[in-house]
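Here is what each chain is made of, one letter per residue.
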Amino acid sequence: MTEVKKHWWALPYILGILSSITGIFIGLGTKLLKDMNLYYYSYLRSIAIVVINYFFIKRAKVPIYPSFSNRKICRLIEIRFILGFACATTMIVGIQNVPLSLGTVLLQTVPIWTGIFGKFYFNEEFGKNEIISCAISFVGVLIITKPPIPFFSQGNSGNSDFFSSFPYYMLCLLNAALWAYACLIARQIRSFTNNHTLNLHFAASMLIFSPPFINDSELSFPTFKQCSIIILTACITMLTWWLINEAFKYEEASKIMPFNYTGLIFTGIFDKIFFNYVPTLSSIVGALLIAGSCIFLVVMKRKQQIKPVPRRKRVSEINVS
């Protein structure tokens, strides 16, 4: 198990919540560029991420790929490099071919996969409290998104649509699993490298593997507005990765990732502030469940950290033989 640094007890949870908030703005940037092919958008954003991180790496005078004597660490870095493209591809292909609400639910299984992989592959704790927190949060996600359950749709057409779209549902689920595994790898190798190197490797795989999937007819130079949004989302993406990697310094991934669900709460808050969207009763109930599950996880963790001081016996209670 990776060593956990001493810290203010709330710091990793705050970092996890902040990463979920910045993730909302990444999605907003994607919506603003909805007319652009997603592969092309991801490709251009990856260029910006690689260039910015390369600048910081050179400024810090650290190698892009340090020479490690530990072969296990090298192998994890190589696996995470491949996962960069795999995560982007499964998300792009999957989310475009399933209902958005159902795709969101499948992508929100990241904390569950994190707990499973962390338990069996990285010897992280995934006990009763973490399972309860993930289960309650996931119920909150279902209440907020109200996804259509294709298998129970009325008529034979619903079932036929389910089976025809089944591979895309599996891609969304696979994306959640791959992203969870990439987060766990980042936590394992964080002591051997820096955030800029991790970001560069993760984005570089998109540059190398994605060109065959981009239609030549869509290779037009982006406008100034599109360039500005791409650079801004690249910076926000790096900030999101930095926040989650910093959180991993202080706490196990299985205890941080459930706070990823809080992004749905802040999405509703931002909709109310900026778009005057009135939240429905189901949205409020789902948000309360997610918030409650996170509070439950923090409280139970604090109880484990604060051990009761044994009461000293009074003189009258001491048996004198």
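Throughout this description, residue numbers start from 1 for each chain and increase along the sequence as written. Whole-chain, interface and lining totals are the exception, using all residues; otherwise, since this is a predicted model, local features are given only for residues with pLDDT of at least 70 and side-chain atom pairs are given and counted only at 80 or more. No hydrogens and no water enter the side-chain calculation; it runs on all heavy atoms of the structure.

Caption draft 1: Just the overall build of the chain, in detail. By the criteria applied, helices consist of DSSP H or I runs no shorter than four residues and strands consist of E runs no shorter than two, each listed in order from the N terminus. If you tally the helices and strands in the chain, you get 12 helices and 0 strands. In the chain, the order of α-helices and β-strands from amino to carboxyl end is α-α-α-α-α-α-α-α-α-α-α-α. By the burial criterion, 47% of the 321 residues in the chain qualify as buried. Here, residues are in contact when the closest pair of their heavy atoms is within 4.5 Å. Considering only contacts within the chain whose residues lie at least 6 apart along the sequence, 87% involve residues at least 24 apart. Working note: accessible area of the chain is about 17,700 Å², and carbon and sulfur atoms make up 67% of it. Accessible area is worked out with a 1.4 Å probe on protein chains only. A residue is then buried under 20% of its type maximum, exposed over 50%, and partly exposed in between. The method behind every accessible area is Shrake-Rupley, applied with a 1.4 Å probe, and residues are considered shielded solely by the protein chains displayed.

Caption draft 2: Quick look at the side chain of Ser283. Mapped onto the secondary structure, Ser283 falls in helix H12 (residues 281-305). We classify Ser283 as buried; its relative accessible area is 16%. Apart from the residues within four sequence positions on either side, Ser283 is in contact with Ile144 and Tyr277.

Caption draft 3: Representation of empty space enclosed by the protein. With a 1 Å grid spanning the protein atoms alone, the term cavity applies to any set of points in which a 1.4 Å probe fits but cannot get out, the term pocket to an open set with protein on both sides within 12 Å along at least five of seven lines, and the term lining residue to any residue with an atom within 4 Å of a point. Grid points are joined across faces, edges and corners, and a volume is the space filled by probe spheres set on the points. Enumeration over the complete set of coordinates arrives at 1 cavity of 30 Å³ or more. In this structure, the largest cavity is lined by Arg80, Trp179, Ala182, Cys183, Ala186, Trp241, Ile244, Asn245 and Phe248.

Caption draft 4: Quick look at the packing of helix H2 (residues 38-60) against helix H8 (residues 195-209). H8 packs onto H2 with a crossing angle of 150° between their chain directions and a minimal axis gap of 8 Å. In terms of crossing hand, the pair formed by H2 and H8 is left-handed. Packed against H2, whose contacting residues are Tyr39, Ser42, Tyr43, Ser46, Ile47, Ile49, Val50, Asn53, Tyr54, Phe56 and Ile57, the element H8 presents His196, Thr197, Asn199, Leu200, Ala203, Ala204, Met206 and Leu207 at the interface. In the contact of H2 with H8, the residues fall into 13 nonpolar, 6 polar and no charged. Orientation is described by axes fitted as lines to C-alpha atoms, over the contacting stretch for helices, and by angles from 0 to 180 degrees between their N-to-C directions. Here is the rule for handedness: rotate from the far helix to the near one, and if that takes an anticlockwise turn smaller than a right angle the crossing is left-handed, while a clockwise turn gives right-handed. The nonpolar class holds Ala, Val, Leu, Ile, Met, Phe, Trp, Tyr, Cys and Pro. Asp, Glu, Lys and Arg form the charged class, and all remaining residues, Gly among them, are polar.

Caption draft 5: Fine view of H2. Multiplying one less than the number of residues by 1.5 Å gives the expected span of a helix. Taking 1.5 Å as the rise per residue, H2 with 23 residues should run 33 Å; its terminal C-alpha atoms sit 32 Å apart, in good agreement. Where H2 terminates, the next one or two residues include Lys61, which has phi positive at roughly 60°.

Caption draft 6: Focus on the pattern of salt bridges. Only one rule defines a salt bridge in this text: a Lys or Arg side-chain nitrogen within 4 Å of an Asp or Glu carboxyl oxygen. Taken as a whole and judged by the stated rule, the model has 3 salt bridges. A salt bridge links Glu130 to Lys255, with the nearest nitrogen and oxygen atoms 3.4 Å apart. With Glu130 in helix H6 (residues 128-145) and Lys255 in helix H10 (residues 253-256), the pair connects residues that are 125 residues apart, well separated along the chain. Taking the relative accessible area as the measure of exposure, Glu130 reaches 4% and is therefore buried. Relative accessible area serves as the criterion here: at 2%, Lys255 is assigned to the buried category. The partner of Lys255 in a salt bridge is Glu252, and the shortest N-O contact between them spans 3.3 Å. Comparing Lys255 with Glu252 shows no difference in burial state: the two are buried. Taken together, the salt bridges that share partners define one network made up of Glu130, Glu252 and Lys255.

Caption draft 7: Up close: the side chain of Ser205. Positionally, Ser205 belongs in helix H8. Here Ser205 falls in the buried class, since its relative accessible area comes to 0%. Pairing of N or O atoms within 3.5 Å defines a polar contact, subject to two protein rules: one partner must be a possible hydrogen donor and the other a possible acceptor, and residues neighboring in sequence count only if both atoms are side-chain atoms. In terms of polar contacts, Ser205 uses its side chain to reach the backbone carbonyl oxygen of Phe202, at 3.0 Å. Filtering out sequence-adjacent residues up to four positions away, Ser205 remains in contact with Phe81, Gly84 and Phe85.

Caption draft 8: Geometry of the nonpolar core. To form a nonpolar core, buried Ala, Val, Leu, Ile, Met, Phe, Trp, Tyr and Cys residues must be joined to one another through side-chain atoms within 4.5 Å. Residues Ile189 and Phe248 are the most contacted members of the largest nonpolar core, which totals 44 residues. Tallying contributions element by element places helix H7 (residues 155-189) first for this core, with 9 residues. When neighbours within four sequence positions are excluded, Phe248 is seen to be in contact with Cys183, Arg187, Arg190, Ala253, Ile256 and Met257. Among the nonpolar cores identified, the runner-up in size contains 14 residues, and Leu33, Tyr40, Phe85 and Ile229 belong to it.

Caption draft 9: Highlighting the environment of Asn53. Within the secondary structure, Asn53 sits in helix H2. For the pair Asn53 and Cys235, spaced 182 residues apart in sequence, the C-alpha separation works out to 9.9 Å. Beyond its immediate sequence surroundings of up to four residues, Asn53 is in contact with His196, Asn199, Leu200 and Met238.

Caption draft 10: Up close: helix H3 (residues 71-95). If you check H3, its first and last C-alpha atoms are 36 Å apart, about what 25 residues at 1.5 Å a residue would give, namely 36 Å. Given a residue, its bend is the angle between the two axes fitted to the seven residues that end at it and to the seven that start from it. Of all the bends in H3, the greatest measures close to 25° and is centred on Leu83.

Caption draft 11: Region of interest: the packing of H2 against helix H9 (residues 224-250). Contact pair H2 / H9: the axes reach a minimum separation of 9 Å and the direction vectors enclose 65°. H9 is crossed by H2, and the crossing has right-handed handedness. Residue-level contacts link Tyr41, Leu44, Arg45, Ala48, Ile49, Ile52 and Asn53 of H2 to Ile230, Thr233, Ala234, Cys235, Thr237, Met238 and Trp241 of H9. Its residues placed into classes, the contact of H2 with H9 shows 10 nonpolar, 3 polar and 1 charged.

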